[in-house]
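Report on the structure
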Amino acid sequence: MVKVTYVDSANVSRTIEVAPGVSVMAAARSNDIPEIESDCGGVCTCAACHVYVDPDWVDKTGTASKVENGLLSLQETRRPNSRLSCQITLSEALDGLVIHTLEPEE
Ligand code: FES
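Presented here is a report on the structure given in the accompanying data block. Sequence order as written defines the numbering, with residues in each chain counted from 1. The model is predicted, so local features are restricted to residues of pLDDT at least 70 and side-chain atom pairs to those at 80 or more, both for listing and for counting; the totals for chains, interfaces and linings are taken over all residues. With hydrogens and water excluded, all non-hydrogen atoms of the structure serve as input to the side-chain values.

1. With respect to the overall build of the protein chain
- When you go through the protein chain residue by residue, the secondary structure sums to two helices and five strands.
- Every helix listed is a DSSP run of H or I at least four residues long, and every strand listed is a run of E at least two residues long, numbered separately from the N terminus. Written out in order from the N terminus, the α and β elements of the protein chain read β-β-α-β-α-β-β.
- Here the protein chain has a C-alpha radius of gyration of 12 Å; the compact-globule value for 106 residues is 13 Å, and the two agree.
- C-alpha atoms of the protein chain, sized along the principal axes, occupy 35 × 25 × 25 Å.
- Buried means the residue's accessible area, taken with a 1.4 Å probe over protein chains only, is under 20% of the maximum for its type, while exposed means over 50%, and partly exposed covers the values in between. The buried share of the protein chain, taken over its 106 residues, is 43%. Using C-alpha atoms as the atom set, the radius of gyration is obtained and then compared with a globule rule of 2.2 Å times the number of residues to the power 0.38.

Right, here's the structure in full:
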């Protein structure tokens, strides 16, 4: 199992354990983690799953693809550690991952 901690915009932490192979977005959605939406079902076309990867984990989560990067560039809230959480697949190497979520836009 892979442990993932989601820290919301009010600094509340929630830790879940999921089987490897699912995305950070899908793991959140199936465990009622707030502030992660999915309008496209995880095919990298909506950016509703925008998150910030904790700085300690940026190197391990890899880099955004060209398509993901294009979507992120349209986000006013983008930071250097921004990712679309549907594009990060959980594996044993990411056990302990910390993700920061954003307050959803109105
Ligand atoms: S869920 Fe749509 S881009 Fe991630």
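2. A few points about the pairing of strand β2 (residues 13-18)
- Pairing between strands requires that DSSP locate at least two bridges from one strand to the other. Judged from the six bridges that link them, strand β1 (residues 2-7) and β2 form a sheet pairing that is antiparallel. For V2, the partnering residue across the bridge sits in β2 and is V18.

3. Focus: the pattern of salt bridges
- Think of a salt bridge as a Lys or Arg side-chain nitrogen and an Asp or Glu carboxyl oxygen that are within 4 Å of each other. In total, this model carries three salt bridges according to the counting rule given.
- In this structure, D8 and R14 form a salt bridge, with 3.0 Å as the shortest nitrogen-oxygen distance.
- Residue D8 is classed as buried on the basis of its relative accessible area of 12%.
- With a shortest N-O distance of 2.7 Å, R83 and E68 are connected by a salt bridge. Here R83 is found in strand β4 (residues 82-84), whereas its partner E68 is found in helix α2 (residues 66-72), with 15 residues between them in sequence.

4. Focus on the pairing of β1
- Counting buried residues along β1, five of its six residues qualify, which places the element largely inside the surrounding structure.
- The turn linking β1 back onto β2 is made up of five residues, and N11 within it adopts a positive phi angle of 70°.
- Relative to strand β5 (residues 97-101), β1 runs parallel, the two sharing four bridges. From the neighbouring strand, V4 faces β5, where its bridge partner is L97.

5. Here we look at unusual backbone geometry
- Residue D32 is not a glycine yet carries a positive backbone phi of 55°.
- Here D32 is to be found in the loop between α1 (24-29) and β3 (50-53).
- Overall, the relative accessible area of 70% leaves D32 in the exposed class.

6. Overview of the packing of aromatic side chains
- Two rings from Phe, Tyr or Trp (for Trp, the six-membered ring) form a pair when their centres sit within 6.5 Å of each other. Planes less than 30 degrees apart are called stacked, planes more than 60 degrees apart edge-to-face, and all others tilted. Going through the model one piece at a time under the given rule, you end up with zero aromatic pairs.
- The ring of W57 has K60 sitting right over it, with the charged end atom 4.9 Å from the ring centre.
- Throughout this description, the term charge over a ring refers to an Arg CZ or Lys NZ atom that lies within 6 Å of the ring centre and within 35 degrees of the ring normal. The residue whose ring lies beneath R79 is Y52, and the NZ or CZ to ring-centre distance is 4.0 Å.

Any functional reading would require information that these geometric values do not contain.
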